[in-house]
Amino acid sequence: ALSLGRSGLPVPITLMRMLRILRLVRVLRVARLLRYMTELRTIVVSILSSIKPLLSSVALLGMVIYMISIYFTQLAMHHRLDMGCAEPGGCRGTSATDLGDRYGSVLITSINLFQSVTGGLEWRHMSDPLMDAVSPLMGFVFAIYILFT
């Protein structure tokens, strides 16, 4: 016994029955996966509920880096002004040059401080110019910054 398919061509009924059985098997597979949906839903809800605290932490870290950047940039600029090295290219070969490279602006300082916290820049490269040019106590201040971030 043949019937007409979508294209108008005859299709054996046994093939139609096979397709229905395969669809039923596919539905049963989905039904088996439904028992895992509660765990998946729990994971998704946990991730979504942790976004707010994550963003709060990132904002707090950004504010700390910004405030410390302002402090270190201002400290470096005052030292360079006291030495007469505030102009670009002034006092080459001194520790004031390193201060200008690492702490030349708030943006540069912020990027360098972020890199020093995340491991992209060694702490020594950031603390040595401060310790050499300004005061050895600045190494301790920089270590406190690293400790709290």
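On a predicted model such as this, the values are computed, not experimentally measured, just so you know.

Peer 1: I keep staring at helix α2 (residues 51-83) and nothing clicks. Help me out?
Peer 2: An α-helical segment advances 3.6 residues per turn. Residues three or four places apart therefore align on the same side. With 33 residues, α2 should cover 48 Å at 1.5 Å per step; its first-to-last C-alpha distance of 47 Å lies within 8% of that length. G84 sits one or two residues past α2 and shows a positive phi near 80 degrees.

Peer 1: Sorry, what's going on with the nonpolar core here?
Peer 2: One broad trend across soluble globular proteins is that nonpolar side chains are buried collectively. Counting 14 residues, the largest nonpolar core has Y103, L113 and F142 as the members making the most contacts within it. Counting residues per element, the ones that place at least two in this core are α2, α5 (123-133) and α6 (137-148). Ranked by residues supplied to this core, first place goes to α6 with four residues. If we ignore the near neighbours within four places in the chain, the residues touching Y103 are F72, T73, A76, T109, M126, S127, L130 and F142.

Peer 1: I keep staring at the packing of aromatic side chains and nothing clicks. Help me out?
Peer 2: A ring pair, where both rings are aromatic, is described by two values, the distance of the centres and the angle of the planes. Applying the stated rule across the entire model yields four aromatic pairs. Taking 6.1 Å as the distance between ring centres and 35 degrees as the angle between the ring planes, the aromatic pair formed by F72 and F142 counts as tilted. Here F72, found in helix α2, pairs with F142, found in helix α6; they are 70 residues apart in sequence, far enough to count as distant. Overall, F72 belongs to the buried group, its relative accessible area being 0%. Between F142 and Y145, the ring centres sit 5.8 Å apart and the planes meet at 50 degrees, which makes this aromatic pair tilted. In this pair, F142 and Y145 both sit in helix α6, three residues apart, roughly one turn of the helix. Given a relative accessible area of 2%, F142 falls into the buried group. Note on Y145: relative accessible area 4%, which makes it buried. Pairwise contacts between aromatic rings join Y71, F72, Y103, F142 and Y145 into one cluster.

Calculation criteria
- Sequence positions are assigned chain by chain, starting from 1 and proceeding in written order.
- Reporting in this predicted model follows two pLDDT cut-offs: at least 70 for local features of residues, and 80 or more for side-chain atom pairs to be given and counted; totals over whole chains, interfaces and linings ignore these cut-offs and use all residues.
- Derived side-chain values reflect all non-hydrogen atoms in the structure, with water molecules and hydrogen atoms excluded from consideration.
- Think of it this way: any DSSP run of H or I at least four residues long counts as a helix, any run of E at least two long counts as a strand, and we number them from the N terminus.
- Expected span, for any helix, means 1.5 Å times one less than how many residues it has.
- As used in this record, nonpolar core signifies buried Ala, Val, Leu, Ile, Met, Phe, Trp, Tyr and Cys residues forming a set joined through side-chain atoms within 4.5 Å.
- Throughout this description, buried means an accessible area under 20% of the type-specific maximum (1.4 Å probe, protein chains only), exposed means over 50%, and partly exposed covers the range between.
- Two residues form a contact once any of their heavy atoms are found within 4.5 Å.
- Ring pairs are drawn from Phe, Tyr and Trp, using the six-membered ring of Trp, whenever the two centres fall within 6.5 Å, and their geometry is named by plane angle: stacked under 30 degrees, edge-to-face over 60, tilted for the rest.

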